[in-house]
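Close look at the chain arrangement
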Amino acid sequence: MAGFWRRARPERREEDSVAAVRRRIEGLRGLVDGNNHVLELIAKAGEMLGGEYVFDRNSLAAMAEELDAAARSVVFDLNAITGDRYPELVEAVERVGASVRATLESRPFAPEGEVVVPLDGIGEELADAVGEKMARLGSLQKHACCRVPEGFAVTAAACRLYLERAGVPAVAERWRLQGRAGEAADPGALSAELQARVKATPVPREVARAVQAAVRGLGRAAPGARLAVRSSALGEDGEVSFAGQYATRLGVDPPDVLEAYREVVASLFSPGVVRYRVSAGLDPADALMAVACLTMVPAVASGVVHTVDPTDPSRRVLQVAATRGLGSAVVGGDVPVDRFELSREAPHPVVSRHVADKRVMDVMGRRGGVERTEVPEGERDRPSVSDDDLARLAATVLRVERYMKSAQEVEWAIDGHGELFVLQARPLRLDASPALRRDAAEATSRAPVLMRDRGVVACRGVGAGVVKTVTGLEDALGIEPGRVLVARLSSPRLAAAVSRAAALVTDIGTTTGHLAAIAREFRVPAIMDAGDATRILTDGAEVTVDAEENVVYAGCVSELLEEQLLRRDTYSDAPEFRLLRRMLKKIAPLNLKDPGGPDFFPQRCTTYHDIIRFAHEKAMEDLAEGQRLTPRAGSRDVHRLEMNVPLDLLVIDLGGGVAPGEDGVPLTPDRVTSRPLRAVIEGLTTEGVWARGPADMDLDGFLSSMTRSHALTDQLALRPDMNVAIASADYLNLSLRLGYHFNIVDCYLSESGRDNHIYFRFAGGVTEMTRRTRRAALLRQILTAHDFATEGSADLVIARIKKMPYEVAVERLRMIGRLIGFTRQLDVLLRDDRLVERLAASFNQGRYGAAFR
């Protein structure tokens, strides 16, 4: 693999030539093709999980190789475009590839990295580092499903280091050799030797220091708190369940955390676990343990919830077991506990209750650990939790269930201040009964069909709710939880609303776009590119979106929702399907979402999806802002464009951007054949957007403009003092310097919507920073209303949009042209913040001249 990176590539030279720019744009085309190929393979893998393909382990290995090669080609093209600016991305591809190969070989993989990770930095993308249990808890907190205790994970990398120091790999290899030689090996003897080695070995110094520092940090946040130290082994609560088989220490005093850690790691090789691994066909010694360290909730009530009745899921109730004090009494099952059944429908009334005679409860011991004490006599026959708290608990665990897309078993606790915490959540391993499946089939046969086989499924699942048609950012931000989100475009501005939606349907969009990735992250059933969903699905109507079968029904088909919670197709438990699910966790999640965010750098790429997202963004940025051409007089590729607006523009034709004409005759818009440049010109020359008179400047604006320097320190000040359009038939890089204002437009426009992108950057101004900041706010508001993702600070604005149909991309480019002309002198007019809203409304309504009256 390493030889791939040593392929000969043309040396990148800073030459001012059209040929050099052409080569860089060809590099972008190759990068986009590789990017799309990776996304297509990810989409195909998702379809394979739906049972639409026959495949085996060899097919998955071939797919993994194809993904790896495509991702490597993307990184190669990025470094060719940027002059090897991102060598760290090469390491990211190696890292992800190693993780995927380890998955195919069914061996644990602990990525290199920190030995301790705080819970608020954990998501499902770190399952290889912190185990399924902690990855799930961190994701529930990150996606605002519930409140969880403070804490941290001691990673699998720390465990690997510990086991190496203890000599575990050598013992494991001896076991394997005995097995291959046909010698009978006693699992009990192996367990005893491995546990003895772990318990006799001190925790490695680097791990111990990191754990002690994390414990001190928790102590500062919650003085006096004790800890729960429990397993989060790789694979625990995953495809093979080890629930309840590893050690847990509760009520641990901070000085005793390292000893508790040692005990939990040693339980990785307890006799029961070793025998369980042998019976499941797993190597008994090839295992890694991440460990969760969480602050103990001083609980007044605790328990366990099943989000469905395991014996009869059709009853539509949640089952709650509760007791006073800590939940260990409920989990242990050795004392009477209260039992409640709650309706799954809001406001979740109690439909049945059994209040036990609770004589004892578990509490944190005065000297650490947990001790059992008597319940005060007057409290024994009273409910351990109120009906109001039960309703709050029901709403919380149903959010967890909706995010996890399956029935759940949830451990919970309520503290003395009434705060509700989720301590753990895991899937309930149930299957829909034949009767439940029959009821669902009958219900769907009766339900009116509003849409069938329109568009493409971006995220499988079933969701029901009241339709909310979104036309603006305000609509998206104000969406109520549980609504079915319907929109014209799959715009990034809808991302904030997706987590609260029951389902998502768009008229236009792709399964490889940003919004589709967000829907998959939040497990929201989604159908994209449905054509006319905004016309068919009326605002306020209740519908059921079946993104398993690509059907939308009128009304709520409750039987289908119930069946979906327990749906486990017979093929889904086959080894190949379990392997594909594990592979997808290393390939498909998108963790790098915000190009302007603090985590948007190569070292944070943990999946192939992350890698291609990073590469695509950085390639577009480099092309948008890295073109350096000094047009040579008399060149046949260089043309001066004459328009009916006061703008001098040189057009450099890369090929196909300008129709042939007579020598010496100025270029006019009718000879421009570059589709993106033609669209921008149409916007620039729209009647009314280009103010030809002087701006109405007040005294403050006038004095500020007089004291402005020639912009030598502005973000775009290094541009040549000219306006240049570098254009081909489908590509445009436009650099405009209008006085003190600097604009860059970089775009690719083709009939294939998946390839289209627009990048826009603005900076500068003639007045003081307050007014320039107002204009930046105005630009961001207008761009966001037209589906761009925006970022920036002060007077800098950066906006992006991609993967839109040709017609939509053309209209967005026309809008960019109008925006450049409209806002050219607006900073001198923006005397107060109220004008931002008024001018944005004027632009969006096409009343361009209103700004200058």
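Computed from a prediction, not measured in an experiment: that's the story for all the values here.

1. Points about the overall build of the chain
- In terms of regular secondary structure, the chain is built from 25 helices and 29 strands.
- Across the 853 residues in the chain, those meeting the buried criterion constitute 54%.
- With the model as given, the accessible surface of the chain reaches about 35600 Å², and the carbon-plus-sulfur share is 50%.

2. Regarding the packing of helix 21 (residues 675-684) against helix 24 (residues 806-822)
- As a packed pair, helix 21 and helix 24 sit with axes 6 Å apart at the nearest point and diverge in direction by 45°. The angle between helix 21 and helix 24 places the two elements in the oblique class. Here helix 21 and helix 24 pass one another in a crossing that is right-handed. Of the residues in helix 24, those touching helix 21 at Arg675, Pro676, Ala679, Val680, Glu682, Gly683 and Leu684 are Tyr806, Val810, Leu813, Arg814, Gly817, Arg818, Ile820 and Gly821.
- Residue classes in the contact of helix 21 with helix 24 are distributed as eight nonpolar, three polar and four charged.

3. A look at the nonpolar core
- Of all hydrophobic cores here, the largest spans 58 residues; its most connected members are Met134, Val320, Trp412 and Leu504.
- When residues of this core are assigned to their parent elements, the largest contribution, eight residues, is made by helix 12 (residues 387-404).
- Residue contacts for Val320: discarding those within four places in its chain leaves Val304, Val305, Asp338, Arg339, Phe340, Leu342, Leu390, Leu393 and Trp412.
- Grouped together as the second largest cluster of nonpolar side chains are 56 residues, Ala725, Leu732, Phe788 and Leu813 included.

4. Some remarks on the packing of aromatic side chains
- One pass over the full model with this rule turns up four aromatic pairs.
- Seen in terms of ring centroids, Tyr162 and Tyr261 are 6.1 Å apart; in terms of plane orientation they differ by 25°. Their pairing is stacked. A residue pair is termed long-range when its members are at least 10 positions apart, and Tyr162 in helix 5 (residues 156-165) and Tyr261 in helix 9 (residues 257-266) qualify at 99 residues. As far as the burial class goes, Tyr162 and Tyr261 line up, both buried.

5. Section: the sheet that holds strand 14 (residues 449-452)
- Across the sheet, which stays open at both edges, the eight strands sit in the order 14-21-20-16-17-18-19-15 with mixed pairing between neighbours. In this open sheet, the two edge strands, each paired with only one partner strand, are strand 14 and strand 15 (456-459). Strand-to-strand twist across the sheet, computed as the mean angle between neighbouring axes with direction ignored, equals 30°.
- Bridge count between strand 20 (residues 542-546) and strand 21 (residues 551-554): four bridges; the pairing is antiparallel. Looking at the pairing, Val543 lines up with Ala554 of strand 21.
- Helix 16 (residues 514-521) rests against strand 15, strand 18 (503-508) and strand 19 (526-528) of the sheet, and its axis sits at about 55° to strand 15.

6. Here's the deal with the confidence of the model for the chain
- Put simply, the chain has an average pLDDT of 82, and 84% of its residues get 70 or more.
- In the predicted structure, residues 1-16 sits below a pLDDT of 50 and forms 31 contacts with residues beyond four places in sequence or in another chain.
- Segment residues 694-720: pLDDT under 50, and 52 contacts once partners within four positions in sequence are set aside and those in other chains are kept.

7. Comments concerning the pattern of salt bridges
- Enumeration according to the criterion identifies 38 salt bridges in this entry.
- Residue Arg72 pairs with Glu94 through a salt bridge whose shortest N-O separation is 3.1 Å. Taken together, the residues span a long stretch of sequence, with Arg72 in helix 2 (residues 57-82) and Glu94 in helix 3 (residues 87-104) at a distance of 22 residues.
- With relative accessibility at 26%, the residue Glu94 sits in the partly exposed group.
- Residue Arg800 is joined to Glu617 by a salt bridge in which the shortest nitrogen-to-oxygen separation is 2.6 Å. Of this pair, Arg800 sits in strand 29 (residues 797-802) while Glu617 sits in helix 20 (residues 608-626), and the two are 183 residues apart along the sequence.
- Taking relative accessible area as the criterion, Arg800 reaches 8% and is therefore assigned buried.
- What makes Glu617 buried here is its relative accessible area of 3%.
- Taken together, the shared-partner salt bridges connect Arg613, Glu617, Arg800 and Lys802 into one network.

8. A word on the environment of Ser314
- With respect to the helices and strands, Ser314 occurs in the loop between strand 6 (299-306) and strand 7 (317-324).
- Distance in space between the C-alpha atoms of Ser314 and Asp439 is 9.5 Å, their sequence separation being 125 residues.
- Those residues in contact with Ser314, other than ones at most four positions away along the chain, are Leu436 and Glu562.

9. Some points on the packing of helix 2 against helix 3
- In contact at an axis separation of 10 Å, helix 2 and helix 3 are set at 175° when each is read in the N-to-C sense. Judged by the angle between their axes, helix 2 and helix 3 are roughly antiparallel. Contacts from Arg57, Leu60, Ala61, Ala64, Asp68, Ala71, Arg72, Val75, Leu78 and Asn79 in helix 2 reach Pro87, Leu89, Val90, Val93, Glu94, Gly97, Val100 and Leu104 in helix 3.
- For the contact of helix 2 with helix 3, the class distribution of residues is 12 nonpolar, two polar and four charged.

10. Some words on the pairing of strand 8 (residues 338-343)
- Burial of strand 8 is extensive: five of the six residues sit out of reach of the surface.
- Counting the residues that bridge the hairpin from strand 8 to strand 9 (residues 350-354) gives six residues, and of these His348 lies at a positive phi of roughly 60°.

11. Things to note about the sheet that holds strand 5 (residues 289-295)
- A sheet is described by the order of its strands in space; here five strands give the open sequence 1-2-5-3-4, paired in antiparallel fashion. Lying at the two open borders of the sheet, with one neighbouring strand each, are strand 1 (116-118) and strand 4 (248-252). On average, adjacent strands in this sheet sit at an angle of 20° to one another, irrespective of strand direction.

12. Topic: the side chain of Arg613
- Here Arg613 shows up in helix 20.
- The class of Arg613 is buried, set by a relative accessible area of 10%.
- Every residue in contact with Arg613, bar those within four places of it in the chain, is listed here: His514, Leu590, Leu592, Lys593, Pro595, Phe600 and Lys802.

13. Concerning the environment of Pro427
- Assignment of secondary structure puts Pro427 in strand 13 (residues 420-427).
- Pro427 gets classed as partly exposed once you look at its relative accessible area, which sits at 29%.
- When the C-alpha positions of Pro427 and Glu409 are compared, they lie 6.1 Å apart, and in sequence the two are 18 residues distant.

14. Considering helix 21
- Across the 10 residues that make up helix 21, a large majority, seven, are buried.
- Here helix 21 has its buried residues at Pro676, Leu677, Ala679, Val680, Ile681, Gly683 and Leu684.

15. Focus on the side chain of Ser191
- Structurally, the position occupied by Ser191 is in helix 7 (residues 187-200).
- Within the structure, the side chain of Ser191 is placed 2.5 Å from the backbone oxygen of Phe269, a separation counted as a polar contact.
- Dropping the residues within four chain positions of it, Ser191 is found in contact with Phe269, Ser270, Pro271 and Val274.

16. Some words on unusual backbone geometry
- Note that the residue after Ala346, namely Pro347, is joined by a cis bond; omega there is 10°.
- Look at Asp453: it is not a glycine, yet its phi comes out positive at around 55°.
- With respect to the helices, strands and loops of the structure, Asp453 is situated in the loop between strand 14 and strand 15.
- Of note, Asp787 is a non-glycine position whose phi angle comes to about 80°, a positive value.

Cut-off values and rules
- Within every chain, residues take consecutive numbers counted from 1 along the sequence as written.
- The model is predicted, so local features are restricted to residues of pLDDT at least 70 and side-chain atom pairs to those at 80 or more, both for listing and for counting; the totals for chains, interfaces and linings are taken over all residues.
- With hydrogens and water excluded, all non-hydrogen atoms of the structure serve as input to the side-chain values.
- Here a helix means four or more residues in a row that DSSP labels H or I, a strand means two or more in a row labelled E, and each is numbered from the N terminus.
- Accessibility here uses a 1.4 Å probe with only protein chains present; expressed as a share of the type maximum, an area under 20% marks a residue as buried, one over 50% as exposed, and anything in between as partly exposed.
- For every accessible area listed, the method is Shrake-Rupley and the probe measures 1.4 Å; residues are considered covered only by the protein chains on display.
- Only the stretch in contact is used when fitting a helix axis, every axis being a line fitted to C-alpha atoms; angles between N-to-C directions are given from 0 to 180 degrees.
- Oblique is the label for any angle not covered by the other classes, which are roughly parallel (under 35 degrees), roughly antiparallel (over 145) and roughly perpendicular (65 to 115).
- The crossing is said to be left-handed when, going from far helix to near helix, the turn is anticlockwise and less than a right angle, and right-handed when the turn is clockwise.
- Contacts are assigned to residue pairs that have any heavy atoms within 4.5 Å of one another.
- Throughout this entry, Asp, Glu, Lys and Arg are counted as charged residues, while Ala, Val, Leu, Ile, Met, Phe, Trp, Tyr, Cys and Pro are counted as nonpolar. The remaining residues, Gly among them, count as polar.
- Here, nonpolar core refers to any group of buried Ala, Val, Leu, Ile, Met, Phe, Trp, Tyr and Cys residues whose side-chain atoms link them within 4.5 Å.
- Centres within 6.5 Å make a pair out of two Phe, Tyr or Trp rings, where for Trp the six-membered ring is used; the pair is then stacked when the planes are under 30 degrees apart, edge-to-face when over 60, and tilted otherwise.
- Two strands qualify as a pair provided that DSSP identifies no fewer than 2 bridges between them.
- Confidence of the predictor at the level of single residues is captured by pLDDT, which takes values from 0 to 100.
- Counted as salt bridges are all cases of a side-chain nitrogen of Lys or Arg within 4 Å of a carboxyl oxygen of Asp or Glu.
- The term polar contact refers here to a pair of N or O atoms within 3.5 Å; inside protein, the definition further demands a hydrogen-donor-capable atom paired with an acceptor-capable atom, and it admits residues adjacent in sequence only when both atoms are side-chain atoms.

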